[in-house]
Amino acid sequence: MPYAVSQLKRLRHWRGTAYLLGLSLCVCCMLVATVVGSVAIPIDTVIRVLWHWVRQIPDTVIPSNLVTIIVTIRLPRVVMVACAGAALGGAGAAYQGLFRNPLADPYVIGVASGAGLGAISAVALGGALAFAWYLMPLGAFIGALLVVGLVYLLARGNAQYTNNDLILAGVALAALANALTTYIMLHIGRQLSQLLGFLLGSATIVGWDAVGLMLVSVIIGMTMLLIAARDLNVLLFPEEQARFLGINVARIRALVVIGATLMTATAVAFHGLIGFVGIIVPHSVRLFVGGDHRRLIPLSACYGAIFLLLADMLARTIQSPQEIPVGIVTACCGAPFFLWQLRTTKRAT
Amino acid sequence: MKTQHVYGRRLVALPLHFCKGVFIYLKGNSMKSFLRVVLLSVAVILSACATAPAQAPTATPAPVATMVPTAVPTIAPIAVAVASVTDSAGRVVAIPTSVSKIISLAPSTTEMIYALGKGSAVVAIDMYSDYPPEVSSVAKISNPDMTYNYEQIAALAPDMVFAAGITSPDVVTAIEKLNIPVVVVGSVNTTFESIKSDITLVGTLLGATSEATTLTTQMQVDWDALIAKVANIDSKPRVFWELDATDPSKPYTIGAGGFVNELLVAAGGINVFGDVENPYPQVSVEQVVAAAPDIIILADSLYGVTPDMVANRAGWEGIPAVKNQSVFPIDDNLVSRPGPRIVAGLAAVIAIIEEVLVEVKY
Amino acid sequence: MLVDIKNITCAYQQHIALADVSLTAATGEIIVCIGPNGAGKSTLIRAIAGTVPLRDGQIMLAGADVATMPAAQRAQHIAVVPQTVVMPAGFTVREVVAMARYAFHPWYQRHTGHDDQIINYAMTQAGVDHFATTPANQLSGGEQQRVAFARAIAQQPKVLLLDETTAHLDLHHQHAIIRCIKELAQCGVLIIAAMHDINLAASFASRICVLQQGHLLADGVPATVLNQAFLEQIYHTPLKVVPQSDHPTPLFLIQH
């Protein structure tokens, strides 16, 4: 017990600095990610180009191809990566609260697979028409919402649903969604390279229109989650006790499911299937600031962005000039880190 | 009516309510630290920006020398006669008046450019381009998963990029975003005629019209001579074309509709799976045994597959081609790349068929 | 009347848990429901709290129907201490008690100094103030129960419902909680408790309700309701009666 008390006092000390540290780290990482790339550009050049870009003044000194590299290739990608990381981190924290399970990552409960299936179906159906860029996120959102709804209904089939029912339903539906995804991919072989790039986290140039849509969905999703965050704390108790404490359980669940699914789906649609962010980041943040979702969700989003930015930087530079899919990096860093944390948590309690 | 009014008022009040909420939330808890963070970030960015423009007037930043991946070949700029072309994908592409740096994204386009004598203008190629041998010293700008390093492409600032029919449309769009003209040379529906017109297109774009005419004329002459050699074969051999037999029980082969099938037929062979509607079908070893091919051509020999390995595969020993030792490796790069070496590809197939026919005669 | 229960019937699928029960209760009363297992004590508590749908009848709280009241408003009037509470990880005792104040503010408002005072008072009353910064899930079962009690007090309810709350507590804390309940009743809080311990019930209740198989069999002051013949009939158990000099009701012990 004395250990636990001192630990919590230390945690309280952490809470104040966590926001400050998180936001400044996030800004630094975004800046560094814009500087780092397979083409070496000095930091002062990068800052100069960014400064001119912000003020919309044409630069006559810096060669135009360097401006193109920074403004057209790196900047949208950095913003997109940060948004995707924030979306996955925040959504992970929210799902874990909603399902009262620390394993409820968007991958484990099948949301990401559903989004993948939705996105691929949209490409398969829309492939005959001109390829519309918004078709994929829309399909992903519908697919993800379907899976989350089904998981929820299946797990609630029995009046008293347990967390294991939920995970099992999620795993089964994820397997089904992945099987259907593979089937569809085999059937539309001519677009295979496009789809493969999508599944591994595409390395193509991100357009500002896509970044805008991602940003909007993250803002909407995070707003919904922050509205629900306080009452989500009470949902960690059994449903009836939450109702004793005056929580409108159905409303909070709807807010969390729609908000978190929206963010996961757009992240998957624009940045491919990236594992481990939604499980590791909230888990580590919880160790430092405790379980209150009013802190946990925004901080998980912030540190999720940092984590994915670092992983993306590594993916771009580790085998320079070639780039490896970022999903490989998150898994390679994520799995050992997760196991290490599992050990230390066990020792602490 | 009354309820409607109430809801209407609520709807108007909602955004106000939200803003107020955010303000109170921040004020109540973390306004101070939030402001601190905002100020700190602004300070960091401002101080960083303040130093950068200060240096600018004194000296031109010299990042250009460090950022280019390899030394750029210097050749006299090629004057291009046309202002725009319609490429193989049907896109109208505006062409710069003079070209001195080009990038090729596929082996077929690389081979065409070098065959037309314009290799010195090539500043970068994809990682699968390996012919002619001098390309080994040229910078590679693609990743193993068929994606390209756009930063390197932008850094090289080429005047034009050549893509092929196999290049993903995404790649073409991405490079266009960098304001670099991309010309797609070749489509997935290759024929001998289309290869010749592709070469003519590349010739037009690189100021090598006469070289292109010479090359295509020579190709046609050689092609006709080869066809004439096999025109009077009366007993055509049955051929199984192995693309990939990583799983020997389910090899990939060629069906109807692909260019390799056309090449095989032109060489006087019969594709045992020529009636399958898929250009690259996966078949079972049972079907291969039932088809009883006289010849097996190993298009996967570049990946290390040898006739001995085929002979040792379980279930393959009953196939006539294996029994008669008529299993031949082929240089797949000659037949699968829709470029100038396609005539050599036809010659290689004909050589295999002739060898078998000669053996049968004696 | 603060709470007016009018002919309510509750059922779980086919099983009738409460049949045509009527009860009125005023402020300051301490009503203890006793009865054998499965008599419907917990269902009555949950029905008043509005979490069990009524098949028939109505429950009025100060003239308003509990069933149609928004959850947050209901929680400002009625608090429940459930039978068992498992605390989630990552929250201190104080944070758990503070959850009682959520229903009083919209999502964007933090709690005020007034809320802090209420939380401190509730923790002192339940005797958990010295664990305020301990992780709630590291406490023992009885301690967690007291945290739940503190949380209910922090709701400042007009009606406090207790479902077997004292079952896990040691004698000292049982006594402390009973004293606290009495104090709350004196301040005008209506207490309705479900309980197994007849003697404990008799010691502090102002009214005893006896339930059996969903029916309300008796309702009155302890001295009249609790008599040997009636209790032996309900529990099917022979009892020994020990008179007390300082209390109107005798002690009822199991006769072995």
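The next subject is the overall build of chain C. When helices and strands are tallied, chain C shows 9 helices and 12 strands. The C-alpha radius of gyration computed for chain C amounts to 19 Å, which stays within 12% of the reference 18 Å derived for 256 residues, consistent with globular compactness. Based on the C-alpha atoms only, the size of chain C along its principal axes is roughly 55 × 40 × 35 Å. Taking all 256 residues of chain C together, 42% fall into the buried category.

When its secondary structure is counted, chain B shows 13 helices and 13 strands. Relative to its 362 residues, chain B shows a buried fraction of 36%. Summarising the internal contacts of chain B: among those between residues at least 6 apart in sequence, 61% fall at separations of at least 24.

Right, let's get into the sheet that holds strand β9 (residues 207-212) of chain C. Backbone hydrogen bonds hold the strands of a sheet together, and the pairing may be parallel or antiparallel. Residues and elements named next belong to chain C. Pairing is mixed across the open sheet formed by 6 strands, whose spatial order is β6-β7-β8-β3-β9-β10. Bordering the open sheet on either side are β6 (78-81) and β10 (215-220), each of which pairs with just one other strand. Across the sheet, the axes of successive neighbouring strands diverge by a mean angle of 15 degrees, strand direction being ignored. With 4 bridges joining them, strand β3 (residues 30-34) and strand β8 (residues 190-194) adopt parallel strand pairing. Within β8, the residue paired with V32 across the bridge is A193. Against the sheet, helix α5 (residues 141-154) contacts β6 and β7 (159-163), and its axis sits at roughly 175 degrees relative to β6.

Tracing the sequence through the fold places A:S24 in helix α1 (residues 2-35). For A:S24 and A:C302, which are 278 residues apart along the polypeptide, the C-alpha to C-alpha distance reads 9.9 Å.

So, about unusual backbone geometry. Residues and elements named next belong to chain B. Here the amide bond leading from Y131 into P132 is cis, since omega sits at -10 degrees, within 30 degrees of zero. Within the chain, Q325 stands out as a residue other than glycine whose phi angle is a positive 55 degrees. Counting through the fold element by element, Q325 comes out in the loop between α11 (320-323) and β13 (327-329). With 10 C-beta atoms packed within 10 Å, Q325 lands in the exposed category.

This part is about α5(C). Residues and elements named next belong to chain C. With 14 residues, α5 extends 20 Å between its outermost C-alpha atoms, agreeing within 8% with the 20 Å of an ideal straight helix rising 1.5 Å per residue. Turning to α5, its buried residues are E143, Q144, Q145, R146, V147, A148, F149, A150, R151, A152, I153 and A154. Taken together, the buried residues of α5 touch β6, α3 (93-98), α4 (113-126), β7 and α6 (171-186). Q156, located one to two residues past α5, shows a positive phi value of around 45 degrees.

Residue and element names in this part refer to chain C. With their axes 8 Å apart at the nearest point, α4 and α5 run at an angle of 140 degrees to one another. The angle between α4 and α5 places the two elements in the oblique class. Crossing handedness for the pair α4 and α5: right-handed. Residues I118, I119, A122, M123, Q125 and A126 of α4 form the contact with α5, whose own contacting residues are R146, F149, A150, I153 and A154. Residue composition of the contact of α4 with α5, grouped by class: 9 nonpolar, 1 polar and 1 charged.

Our next topic: the nonpolar core. Note that soluble globular proteins tend to have their nonpolar side chains buried in a common cluster. Grouped together as the largest cluster of nonpolar side chains are 279 residues, with contacts concentrated most on C:I48, C:V97 and C:L161. Sort the elements by how many residues they give to this core and helix α3 (residues 64-98) of chain A lands first, with 20 residues. Excluding anything up to four places from it in sequence, C:I48 contacts C:V3, C:I59, C:V66, C:I78, C:L161 and C:I192.

Residue and element names in this part refer to chain C. Strand direction decides the pairing type here: strand β1 (residues 3-12) and strand β2 (residues 15-25), joined by 7 bridges, are antiparallel. Bridge pairing in β2 places A11 opposite I16. Counted between consecutive antiparallel strands, the loop separating β1 from β2 contains 2 residues, among which Q13 sits at a positive phi close to 45 degrees.

The subject of this paragraph is the confidence of the model for chain B. When pLDDT is averaged along chain B, the result is 81; 78% of the residues meet or exceed 70. Predicted confidence for residues 1-71 of chain B stays below pLDDT 50, and this span has 59 contacts to residues more than four positions away or in other chains.

What follows concerns α6(C). With 16 residues, α6(C) should cover 22 Å at 1.5 Å per step; its first-to-last C-alpha distance of 23 Å lies within 8% of that length. Positive backbone phi, at 100 degrees, marks C:G188, one or two positions downstream of α6(C).

Our focus in this paragraph is the environment of B:P320. All names here are of chain B. Tracing the backbone shows P320 in helix α11. Sequence spacing of P320 and I195 is 125 residues, and the spatial spacing of their C-alpha atoms is 35 Å. Not counting the four nearest positions on each side in its chain, P320 is found in contact with A292, P293 and D294.

Turning our attention to the environment of A:L145. All names here are of chain A. Here L145 shows up in helix α5 (residues 135-156). Note on L145: 20 C-beta atoms within 10 Å, which makes it buried. A sequence separation of 66 residues divides L145 from V79, and the C-alpha atoms of the two residues are 25 Å apart.

All right, on to the pairing of β8(C) then. Residues and elements named next belong to chain C. Summarising burial for β8: 5 of the 5 residues are buried, a large majority. Residues L190, I192 and A194 of β8 are buried on one face, and the alternating residues I191 and A193, pointing to the opposite face, are buried as well. Examined bridge by bridge, β7 and β8 share 5 bridges and lie parallel to one another. Paired with L162 across the bridge in β8 is A193. Taken together, β7, α6 and β8 form a β-α-β motif whose crossover is right-handed.

Okay, the sheet that holds strand β9 (residues 182-185) of chain B next. Residue and element names in this part refer to chain B. In spatial order, the strands read β7-β6-β5-β8-β9; together these 5 strands make up an open sheet with parallel pairing. Two strands lie at the open edges of the sheet, namely β7 (139-140) and β9, each paired on one side alone. The sheet contact formed by strand β5 (residues 102-104) and strand β8 (residues 160-164) spans 3 bridges and is parallel. The residue of β8 that forms the bridge with I103 is V161. Packed onto the sheet, helix α3 (residues 107-115) meets β5, β6 (122-125), β8 and β9 and runs at close to 125 degrees relative to β8. Packed on one face of the sheet, helix α5 (residues 169-177) meets β8 and β9 and runs near 155 degrees to β9.

Another aspect to go through is the confidence of the model for chain C. In this model, chain C carries a mean pLDDT of 91, and residues with pLDDT of at least 70 account for 100%. Taken together, the chains of this predicted complex give a pTM of 0.79 and an interface ipTM of 0.90.

Helix-helix packing: each pair is described by the crossing angle between the helix axes and the interaxial distance. All names here are of chain A. Interaxial distance between helix α8 (residues 208-234) and helix α12 (residues 293-317) falls to 8 Å at its minimum, and their mutual angle equals 145 degrees. Side by side, α8 and α12 meet where M222, L225, L226, A229, R230, L232 and N233 of the first sit next to H293, R294, I297, P298 and A301 of the second. For the contact of α8 with α12, the class distribution of residues is 8 nonpolar, 2 polar and 2 charged.

What counts and how
- Residues numbered from 1 in each chain as written.
- Chains lettered and ligands numbered in written order.
- Predicted model: local features only at pLDDT ≥ 70, side-chain atom pairs only at ≥ 80, totals over all residues.
- Helix = DSSP H or I, 4+ residues; strand = E, 2+ residues; numbered from the N terminus.
- Rg over C-alpha atoms; globule rule 2.2 N^0.38 Å.
- Buried ≥ 20, exposed ≤ 12 C-beta atoms within 10 Å, placed from the backbone.
- Contact = placed C-beta atoms within 7 Å.
- Pairing = 2+ DSSP bridges.
- Axes fitted to C-alpha atoms, helices over the stretch in contact; angles between N-to-C directions.
- Expected span 1.5 Å × (residues − 1).
- Parallel < 35°, antiparallel > 145°, perpendicular 65-115°, else oblique.
- Left-handed = near helix turned anticlockwise from the far one by under 90°.
- Nonpolar A, V, L, I, M, F, W, Y, C, P; charged D, E, K, R; others polar.
- Core = buried A, V, L, I, M, F, W, Y, C linked by C-beta atoms within 7 Å.
- pLDDT = per-residue confidence, 0-100.
- Right-handed = clockwise from strand over helix to strand, strands pointing away.

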